[in-house]
Amino acid sequence: MTENPQDWEVETRLVRGGMARTPYGEISEALFLTQSFAYDSAGAADRRFSGEDPGFIYQRFGNPTTQIFEDRLALLEGAEVCRATASGMAAVQAALMGLLRAGDHLVAGRALFGSCRWIVSELLPRFGVETTYVDATDLDAWKAAVRPNTKAFLVESPANPLLEVTAIGAVAEIAHAAGAKLVVDNVFATPIFQKPLALGADVVVYSATKHIDGQGRVLGGAILGGAELMTEAYKDLLRHTGPAMSPFNSWVLLKGLETLELRVRRQTENAGRIADLIAAHSKVNRTIYCGRPDHPQAAIIANQMTGGGNVIAFDLGSREAAWRFLDALQIVDISNNLGDAKSMATHPSTTTHRSMPEEQRQEIGLTQGWVRMSVGLEGPGDLGRDVNRALDAA
Ligand SMILES: *Cc1c(COP(=O)(O)O)cnc(C)c1O
């Protein structure tokens, strides 16, 4: 009986998925730093360009190392096709541009990563695409926002920075009833804990910069979906606009995928402990963590996520207290990245969400006292001591 990778467990998919060896039989995936490819004859070039013969043509369209990364991530996600991009933002931008044209309408959850919000609020209108923002936890709001020209829905779940969770299956049904496609930014959940395509989404996007690298090295992104949509909406767009992932980054990210499950599980164990410690501290007004039963959407989380992830948000009441907390940390870094082996904490109102107008921050509940922490792989005792000491100082 021949092994079928589709039957493999997650861990096996991450280590062996997409493996394509050269005749040398290398164990570690080969890094093909090559822009273009040579053909045996003029006829072979003709057939390669026509699509009659398989094979690579140019790095902007595809590369053997990038292909292994794409096939491995597709296997993990349960997607027919994955296309890698140079960054998470390149993935979000292309995911929307491929589905929308002038005169179309987008509905988007209002709690979005800052740059995603810029694309939706500033860039899309230049090309005649209007957007209605909704409270992503309110299904009636999604329904009410639909117009005859609505072509896409965009949601981040859990959302940055306050970890609001959206019922992906229910929103997918509303999108499909309206003839629109649902795009889910799955960065916070990671492909380990949430599978939006299986829940009904049409397109999943990642910033591979976060947990997939997880070691602070390179940028990357990915768009995943069914073969038909990926071809129709994205094949030509990606080929001709050029947001391709560098093969070097593909290679680094392939190595990241091998340990993704291990890292994310350990980070999540650490985050569970730290979230409980934060929630129990007298200086903290409110703690939000997807792995705690007091998360506002705990019932939805139980339905669609298999782990709480590594990000915690907590409210210390004022900007001064939040800054005192950050400044008292000795192990955890003050940094706006997330998903890294190194724990980091940030003050969203003055960093990641500073360009969001105050009234919009109020709308999503982001007052000045909130801190967002991405829990890493340090020893839980050291992390707990550092966080407790900083909370005392807040
Ligand atoms: C970081 C992030 C992005 C952007 O990814 P880059 O790789 O930094 O371009 C998009 N969405 C979410 C939710 C993110 O956290």
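Residues numbered from 1 in each chain as written. Predicted model: local features only at pLDDT ≥ 70, side-chain atom pairs only at ≥ 80, totals over all residues. Heavy atoms only, no water.

1. Quick notes on the overall build of the chain
Here comes step 1: From N to C terminus, the chain includes 17 helices and twelve strands.
Here comes step 2: In terms of overall dimensions, the chain is globule-like: its C-alpha atoms have a radius of gyration of 21 Å, near the 21 Å expected for 394 residues.
Here comes step 3: If you line up the chain on its principal axes, its C-alpha atoms span 75 × 50 × 40 Å.
Here comes step 4: Looking at the chain as a whole, 53% of its 394 residues qualify as buried. (Helix = DSSP H or I, 4+ residues; strand = E, 2+ residues; numbered from the N terminus. Rg over C-alpha atoms; globule rule 2.2 N^0.38 Å. Buried < 20%, exposed > 50% of the residue type's maximum accessible area, 1.4 Å probe, protein only.)

2. A short note on the packing of helix α13 (residues 260-279) against helix α17 (residues 380-393)
Here comes step 1: In contact at an axis separation of 10 Å, α13 and α17 are set at 25 degrees when each is read in the N-to-C sense. It follows that α13 is roughly parallel to α17 by the angle criterion. Remark: the crossing between α13 and α17 carries right-handed chirality. Only Pro 380, Leu 383, Gly 384, Val 387, Asn 388 and Leu 391 of α17 make contact with α13, whose side of the interface consists of Asn 270, Arg 273, Ile 274, Leu 277 and Ile 278.
Here comes step 2: Considered class by class, the residues forming the contact of α13 with α17 number seven nonpolar, three polar and one charged. (Axes fitted to C-alpha atoms, helices over the stretch in contact; angles between N-to-C directions. Parallel < 35°, antiparallel > 145°, perpendicular 65-115°, else oblique. Left-handed = near helix turned anticlockwise from the far one by under 90°. Contact = heavy atoms within 4.5 Å. Nonpolar A, V, L, I, M, F, W, Y, C, P; charged D, E, K, R; others polar.)

3. Quick notes on the layout of surface pockets
Here comes step 1: Its volume calculated, the largest pocket comes out at about 760 Å³.
Here comes step 2: In terms of lining, the largest pocket is formed by 28 residues, of which the most central are Phe 61, Gln 67, Glu 70, Arg 83 and Lys 235.
Here comes step 3: The greatest single-element share of the lining of the largest pocket, amounting to five residues, is contributed by helix α3 (residues 64-77).
Here comes step 4: Counted by class, the lining of the largest pocket contains twelve nonpolar, eight polar and eight charged residues.
Here comes step 5: Each pocket or cavity is described by its volume, and for the second largest pocket that value is around 390 Å³.
Here comes step 6: Contributing to the lining of the second largest pocket are 20 residues, with Gly 114, Ser 115, Arg 117, Thr 352 and Ser 355 lying nearest its centre.
Here comes step 7: Take the lining of the second largest pocket: its biggest share by element is six residues, from helix α5 (residues 114-126).
Here comes step 8: Among the domains, domain 1 (8-255) and domain 2 (261-393) are the pair contributing at least three residues each to the lining of the second largest pocket. (1 Å grid on protein atoms, 1.4 Å probe; cavity = no way out; pocket = protein on both sides within 12 Å on 5 of 7 lines; lining within 4 Å. Points joined across faces, edges and corners; volume = space filled by probe spheres on them. Domains from an automatic or database assignment.)

4. Examining the packing of helix α4 (residues 88-97) against helix α11 (residues 227-241)
Here comes step 1: Running from N to C, α4 and α11 point in directions that differ by 125 degrees, and their axes come no closer than 9 Å. Considering their axes alone, α4 and α11 lie oblique with respect to each other. By crossing handedness, the relation of α4 to α11 is classed as right-handed. Where α4 abuts α11, its residues Ala 94, Ala 95 and Met 97 lie against Tyr 234, Leu 237 and Leu 238.
Here comes step 2: The residue makeup of the contact of α4 with α11, split by class, is six nonpolar, no polar and no charged.

5. Remarks on the nonpolar core
Here comes step 1: By size, the foremost hydrophobic cluster in this structure holds 27 residues, and its most contacted members are Leu 96, Leu 106, Ile 223 and Tyr 234.
Here comes step 2: Excluding residues within four positions of it along the chain, Leu 106 makes contact with Leu 96, Leu 100, Val 120, Leu 124, Val 129, Glu 130, Thr 131, Thr 132, Ala 152, Phe 153 and Leu 154.
Here comes step 3: One finds Ala 84, Ile 192, Leu 224 and Val 264 within the second-largest nonpolar core, a separate group that totals 26 residues. (Core = buried A, V, L, I, M, F, W, Y, C linked by side-chain atoms within 4.5 Å.)

6. As for the UniProt feature "modified residue: N6-(pyridoxal phosphate)lysine" (unreviewed entry) in the chain
Here comes step 1: In this structure's numbering, the residues bearing the UniProt feature "modified residue: N6-(pyridoxal phosphate)lysine" (unreviewed entry) are Lys 210.
Here comes step 2: Structurally, Lys 210 is set in helix α10 (residues 209-213).
Here comes step 3: Once residues within four sequence positions are removed from consideration, Lys 210 is found in contact with Phe 113, Val 187, Asn 337, Leu 338 and Gly 339. (UniProt positions renumbered as here; feature names shortened; annotations may be inferred.)

7. Some words on empty space enclosed by the protein
Over the atoms a probe the size of a water molecule is rolled, and this reveals where empty space is left.
Here comes step 1: For the coordinates displayed, the defined rule picks out three cavities of 30 Å³ or more.
Here comes step 2: When its volume is computed, the largest cavity comes out at roughly 100 Å³.
Here comes step 3: If you trace the largest cavity, you find 14 residues lining it, with Arg 60, Arg 83, Ala 84, Ala 244 and Met 245 closest to the centre.
Here comes step 4: Going through the elements one at a time, α3 and β1 (81-85) are the ones with two or more residues in the lining of the largest cavity.
Here comes step 5: The biggest single contributor to the lining of the largest cavity is β1, with three residues.

8. So, the site of the ligand
Here comes step 1: All residues in the neighbourhood of the ligand are listed as Ser 87, Gly 88, Met 89, Phe 113, Glu 156, Asp 185, Val 187, Phe 188, Ser 207, Thr 209, Lys 210 and Gly 220.
Here comes step 2: At 2.8 Å, a backbone N or O of Gly 88 approaches an oxygen atom of the ligand.
Here comes step 3: Within the backbone of Met 89, one N or O atom sits 2.9 Å away from an oxygen atom of the ligand.
Here comes step 4: At the level of elements, α4 and α10 are the ones that each hand at least two residues to the shell around the ligand. (Near = heavy atom within 4 Å. Polar contact = N/O pair within 3.5 Å; in protein donor to acceptor, adjacent residues only side chain to side chain.)

9. Observations regarding the domain arrangement of the chain
Here comes step 1: What the domain assignment lists for the chain is domain 1 (8-255) and domain 2 (261-393).
Here comes step 2: The centre of domain 1, based on its C-alpha atoms, is set 27 Å off from the matching centre of domain 2.
Here comes step 3: Each side of the interface is counted separately: domain 1 has 35 residues, and domain 2 has 38 residues.
Here comes step 4: Taken together, the two surfaces of domain 1 and domain 2 that pack against each other cover about 3,000 Å², and 62% of this comes from carbon and sulfur.
Here comes step 5: Viewed at the interface, domain 2 and domain 1 are joined by 14 residue pairs in polar contact (both at pLDDT 80 or more). (Buried area = accessible area lost by both parts, 1.4 Å probe.)

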